[in-house]
Amino acid sequence: MRSWSAPNIPKLPGESVPLRLYDTAAKQVRQTDPGPTARMYVCGITPYDATHLGHANTYLAFDLVGRLWRDAGHEVHYTQNATDVDDPLLERAESTGVAWQSLAEREIELFRTDMEALRILPPREYVGVTEVVDRVADLIAGLGAKGVTYDLDGDVYFSVADAPKFGQVSGYGEAEMLTLFAERGGDPERPGKRHPLDWLLWRAERPGEPAWDSPLGRGRPGWHVECTSIALDHLGAGYDVAGGGSDLIFPHHECGASEGHAATGEWPFARFYTHAGMVGLDGEKMSKSKGNLVFVSKLRAAHDPMAIRLVLLAHHYRADWGYVPAMLAEAEARLERWRSAVALAAAPPAGDVLAAVRERLADDLDAPGALAAVDAWAEEALAGRGTDPGAPALVRDLTDALLGIAL
């Protein structure tokens, strides 16, 4: 599936700083240590309501990861999926009278447009699940050959009893797992399952639902195994970062990690599990089910995309926060100050601000701290304190390369 176009990234002078990230599984900030090629998988959208600020918040966080790695000289191999067949998509298509394929295609194209406008660096592989059903089915068949699956009325489940590492990503207890499993697409109360937390790998064909031929019978993949299959095919086990919103910690990343372990014998399946916080509106999490979404496309119709990006950067990626429209006015004022400062013929030297932005972002993506460093430089520049003619261009380049802000 087609990705979106990439902006040019300026090359910055001086030394980069190694990136440290919070690893959900380890419950601490650790230094990333990728090889020459840094490998990252970020779970993509289910395309029936794109792109809201919560989506943008997540993909911007991992955009910063890729930018820091590139600044350190790594090639970045980034893969993302689109869950272009799933129950919520099918339900929305039926309720609106639109073919599910058309709904998915429309929302994916809108997502691409929004990501490009926000200057989110594209994945090398952008993979629709419908493109790789055969590969997912092959993985499930392989898991069956290892004895970790069972059949229930034609559906195939992963047996949690055969997942010795289950729980090591989230750290949740069984009671919390059961609650979240029921809320997030699981079926803990289905009769006939061996354990309530066993999860679906393959859904046998139901009347009126899309289905594909496979060695497992006609049907379609379950949610978690799709990402496992795509990550294995493009990145291999032991890749550097698995990312997504914090609502994916359980069950999505927990189940995927155990699938990868069973398939390859390697643990951890990803070296870091890193998660972005949730964005709310009027005191509630922003979600499709609540109908309280703020869409990037609607904001772009009235505001500079760089101001929207600055709204997101003003919050630490792991924080839960609530959007209010006044944030955009503040971001637009900040953007204007920065643009005025880099338009000067001369300004205070920018070596210190470059070092500060690198240091802040390398410390678990402290974007608010990085913005404060640029703010301080801009204030000095606009006050007329500085005689370095090369400083404005350097600040323009560093905000572009590291923060993704085009001035």
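Structure's up top.
These remarks concern the structure in this document. (Residues numbered from 1 in each chain as written. Predicted model: local features only at pLDDT ≥ 70, side-chain atom pairs only at ≥ 80, totals over all residues. Heavy atoms only, no water.)

**A look at the overall build of the protein**
Let me state the cut-off plainly: Strands are runs of DSSP state E lasting at least two residues, helices are runs of H or I lasting at least four, and both sets are numbered from the N terminus onward. Two things to know: the radius of gyration comes from C-alpha atoms, and the globule rule equals 2.2 Å times the number of residues to the power 0.38. Burial here depends on accessible area, computed with a 1.4 Å probe over protein chains only, as a share of the maximum for the residue type. Under 20% is buried, over 50% is exposed, and the range in between is partly exposed. Note on contacts: a residue pair qualifies if any of its non-hydrogen atoms lie within 4.5 Å across the two residues. Only the protein chains shown count as cover for residues, with accessible areas throughout obtained via the Shrake-Rupley method and a probe of 1.4 Å. Within this scheme the basic residues Lys and Arg register as positive and the acidic residues Asp and Glu register as negative, but His and the chain ends are omitted. For the purpose of locating charges, the reference atoms are NZ of Lys, CZ of Arg, CG of Asp and CD of Glu.
Secondary structure assignment for the protein yields 13 helices and 14 strands. Taking 22 Å as the expected radius of gyration for a compact globule of 407 residues, we find that the protein reaches 22 Å, a close match to that expectation. Counting only C-alpha atoms, the protein reaches 75 × 45 × 35 Å along its principal axes. For the protein, buried positions account for 56% of its 407 residues. Long-range pairs, those at least 24 residues apart, make up 79% of the contacts in the protein between residues at least 6 apart in sequence. For the protein, the exposed area adds up to about 16,000 Å²; of that, 49% sits on carbon and sulfur atoms. Within the protein, one finds 39 positive and 59 negative side-chain charges whose respective centroids are separated by 2 Å.

**Thoughts on the pairing of strand E6 (residues 149–152)**
The two faces of a sheet get side chains in turn, since along a regular strand they alternate between them. Note the following rule: Following DSSP output, two strands are said to pair if at least two bridges run between them.
As paired strands, E6 and strand E7 (residues 155–158) are joined by four bridges and run antiparallel to one another. Within E7, the residue paired with Leu-152 across the bridge is Asp-155. If you look at the hairpin formed by E6 and E7, you'll find two residues sitting between the two strands, and Asp-153 has a positive phi there, around 55°.

**Remarks on the packing of helix H1 (residues 53–71) against helix H9 (residues 305–313)**
Going by this rule: Fitted lines through C-alpha atoms give the axes, limited to the stretch in contact for helices. The angle between two N-to-C directions lies from 0 to 180 degrees. Angles are sorted into four bins: roughly parallel if under 35 degrees, roughly antiparallel if over 145, roughly perpendicular if 65 to 115, and oblique for all others. Nonpolar residues are Ala, Val, Leu, Ile, Met, Phe, Trp, Tyr, Cys and Pro. Charged residues are Asp, Glu, Lys and Arg, and all others, Gly as well, are polar.
One can describe the packing of H1 onto H9 by two numbers: an axis separation of 10 Å at closest approach and a directional angle of 80°. Accordingly, the angle class assigned to the pair H1 and H9 is roughly perpendicular. Contacts between H1 and H9 involve Leu-53, Ala-56, Asn-57, Leu-60, Asp-63, Leu-64 and Arg-67 on the former and, on the latter, Ile-308, Arg-309, Leu-312 and Leu-313. When grouped by side-chain class, the residues that make up the contact of H1 with H9 number seven nonpolar, one polar and three charged.

**A word on the packing of helix H6 (residues 223–234) against helix H7 (residues 249–264)**
Where we set the bar: If you view the pair so one helix is near and one far, a crossing is left-handed when the near helix is turned anticlockwise from the far one by less than a right angle, and right-handed when it is turned clockwise.
Running from N to C, H6 and H7 point in directions that differ by 50°, and their axes come no closer than 8 Å. One finds that H6 runs oblique with respect to H7. Judged by the twist between their axes, the crossing of H6 over H7 is right-handed. Contact residues: Trp-223, His-224, Val-225, Cys-227, Thr-228 and Leu-232 in H6; Pro-251, His-252, Cys-255, Gly-256, Glu-259, Gly-260, Ala-263 and Thr-264 in H7.

**Examining the packing of aromatic side chains**
Which entries qualify depends on this criterion: Classification of ring pairs uses Phe, Tyr and Trp, with its six-membered ring standing for Trp, and accepts pairs whose centres are within 6.5 Å; under 30 degrees between planes counts as stacked, over 60 as edge-to-face, and the remaining range as tilted.
According to the stated counting rule, one finds ten aromatic pairs in the structure shown. Geometrically, the ring pair formed by Tyr-59 and Phe-111 is edge-to-face, given 5.4 Å between the ring centres and 75° between the ring planes. A residue pair is termed long-range when its members are at least 10 positions apart, and Tyr-59 in helix H1 and Phe-111 in helix H3 (residues 100–117) qualify at 52 residues. Here Tyr-59 matches Phe-111 in class, with each residue buried. Ring centres 5.5 Å apart and planes at 80° place the aromatic pair Tyr-239 and Phe-269 in the edge-to-face group. Here Phe-269 lies in the loop between H7 and strand E11 (270–276) and Tyr-239 lies in strand E10 (residues 239–245), a separation of 30 residues in the sequence. Ring-pair connections join several aromatic residues into one group, and the members of that group are Phe-158, Phe-166, Tyr-172, Trp-199 and Phe-250.

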